[in-house]
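# Coordinates in review
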Amino acid sequence: MREEEVFSQTLQSICSLAKEQGNLVSEEQVQSAFSEAGMELGKEQLSMVHEYLKTKKIGIGEPVDPFDYLSEEETDYLNSYLEELERLPETTEGEKEAITLSAMAGDYDAKQRLIEIFLPQVVEIAKLYAGQGAFLEDLIGEGNVSLAMAVEMLDCAENVTAAHGTIASMIMEAMETYIEENVQQKKTGEKMAGKANDVLEKARELAEELGRKVTIQELADETQMSPAQIREAVRITADNIDYLDTKDIH
């Protein structure tokens, strides 16, 4: 296996370990992981690893402060949302256990109360994923939906601990999936925008060469793209079509 692959796999194993430990690893665990993989990292390489873990909201030696990754708008939303949650009735651990057991037995009111009990935990989990490509409000929304789904699946849980674990796991998985999809959509959008700008730049060059506006077909022939792809590029940057013959766009 190539050294790059070993490095990547070791880094992912550290991330997995951190997830099990509440997004936290020690410096010793990081160095031990690479040593066991047969790699001794220098200061510069360790610094790169630390920066990577930081982008993943993983603390080294001490938890990261989730508020460092929130925008002012997200902070305002979070404070407002937490104020709303404070209006919910408090629940003791004993009451929480009893409500969970009733929810596991299928009691509708208990399920609704259990959802309310776990709403603050959704927020805490969302804060762990702040700064990873999705807005905090969207993460909380995804987590709340997953929470409601999880509560409907507790009849399969063996005990209260397992039920709570199922809820937390489903909330985390929902947020991770949302982040992954959101980041992928952003990359796709950036790629499409880049291609659109390339097309319009080619349109400008061709128009200057011909001394007139160019048609969709002429631009398609020049770029080796289909007319449909050209039209899509124009649609993405519809405010910048000065060099195209507009009668041929629609």
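As shown above, the structure is provided for reference.
Reading the values: the criteria
Residues numbered from 1 in each chain as written. Predicted model: local features only at pLDDT ≥ 70, side-chain atom pairs only at ≥ 80, totals over all residues. Heavy atoms only, no water. Helix = DSSP H or I, 4+ residues; strand = E, 2+ residues; numbered from the N terminus. Buried < 20%, exposed > 50% of the residue type's maximum accessible area, 1.4 Å probe, protein only. Contact = heavy atoms within 4.5 Å. Areas by Shrake-Rupley, 256 points an atom, 1.4 Å probe, with all protein chains shown as cover. Arc of directions from axis to C-beta. Phe/Tyr/Trp six-rings, centres within 6.5 Å; stacked < 30°, edge-to-face > 60°. Polar contact = N/O pair within 3.5 Å; in protein donor to acceptor, adjacent residues only side chain to side chain. Salt bridge = Lys/Arg side-chain N within 4 Å of Asp/Glu carboxyl O. Axes fitted to C-alpha atoms, helices over the stretch in contact; angles between N-to-C directions. Parallel < 35°, antiparallel > 145°, perpendicular 65-115°, else oblique. Nonpolar A, V, L, I, M, F, W, Y, C, P; charged D, E, K, R; others polar. Core = buried A, V, L, I, M, F, W, Y, C linked by side-chain atoms within 4.5 Å.

Scanning the chain from terminus to terminus reveals ten helices and two strands. Listing the helices and strands of the chain from first to last along the sequence gives α-β-α-α-β-α-α-α-α-α-α-α. Classification of the 250 residues of the chain by burial places 35% in the buried group. Contacts in the chain between residues at least 24 apart in sequence constitute 64% of all its contacts with a sequence separation of at least 6. When the accessible surface of the chain is summed, it comes to about 15,200 Å², and 49% of that surface belongs to carbon and sulfur atoms.

Along helix α2 (residues 27-36), the positions that sit buried rather than exposed are Val30, Ala33 and Phe34. Axial view of α2: buried residues confined to an arc of 90°, hence all on one face. Residues of α2 that are exposed and angled more than 90 degrees away from the buried face: Glu28 and Glu36. For α2, the secondary structure elements touched by its buried residues are α1 (3-20), β1 (24-25) and α3 (43-55). In the segment just after α2, glycine 38 is the residue with positive phi, at about 80°.

This part takes up the packing of aromatic side chains. Each aromatic ring pair is characterised by the separation of its centres together with the angle its planes make. In this structure the tally under the stated criterion is two aromatic pairs. Relative to phenylalanine 34, the ring of phenylalanine 7 lies with its centre 5.3 Å away and its plane at 35°, an arrangement referred to as tilted. With phenylalanine 7 in helix α1 and phenylalanine 34 in helix α2, the pair connects residues that are 27 residues apart, well separated along the chain. Looking at phenylalanine 7, the relative accessible area reads 24%, which means it is partly exposed.

A separate point is the side chain of threonine 100. Along the chain, threonine 100 falls in helix α5 (residues 93-104). Relative accessible area serves as the criterion here: at 0%, threonine 100 is assigned to the buried category. A polar atom in the side chain of threonine 100 sits 2.8 Å from the side chain of histidine 164. The residues contacting threonine 100, other than those within four sequence positions of it, are Leu114, Val160, Ala163 and His164.

This part covers the pattern of salt bridges. Per the stated rule, a full pass over the model turns up seven salt bridges. Glutamate 201 is the salt-bridge partner of arginine 204, the closest N and O atoms lying 2.4 Å from each other. Taken together, the residues arginine 204 and glutamate 201, both in helix α8 (residues 160-210) and three residues apart, mark about one turn of the helix. Given the relative accessible area of 33%, glutamate 201 is considered partly exposed. Put simply, glutamate 218 and arginine 212 hold a salt bridge, and the shortest N to O gap is 2.7 Å. In this structure arginine 212 comes out as partly exposed when scored by relative accessible area, which is 41%. Salt bridges linked by common partners bring Glu201, Arg204 and Glu208 together as one network.

Looking now at the packing of helix α4 (residues 72-85) against helix α7 (residues 136-151). Each pair of packed helices can be summarised by the angle the axes make with each other and by the distance between the axes. Packing of α4 against α7 brings their axes to within 9 Å, and their N-to-C directions diverge by 40°. Viewed along their axes, α4 and α7 adopt a mutual orientation that is oblique. Taken together, the residues of α7 that come into contact with α4 (itself represented by Glu74, Tyr77, Leu78 and Tyr81) are Leu136, Glu137, Ile140 and Asn144. In the contact of α4 with α7, the residues fall into five nonpolar, one polar and two charged.

Tracing the backbone shows lysine 111 in helix α6 (residues 108-128). The exposure class assigned to lysine 111 is buried, which follows from its relative accessible area of 12%. Engagement of the side chain of lysine 111 in a polar contact is seen with the side chain of glutamate 152, the distance being 3.0 Å. Discounting chain neighbours no more than four positions away, the residues touching lysine 111 are Ala103, Gly106, Val151 and Glu152.

For the rest of this paragraph, the subject is the nonpolar core. Core analysis: the biggest nonpolar cluster contains 36 residues, and Leu114, Leu139, Leu147, Ile167 and Met175 have the highest contact counts within it. When residues of this core are traced back to their parent elements, those giving at least two are α4, α5, α6, α7 and α8. Of the residues forming this core, the biggest block, ten residues, is contributed by α6. Setting aside its immediate chain neighbours within four residues, leucine 139 contacts Ala126, Tyr129, Ala130, Ala134, Met175, Tyr178 and Ile179.

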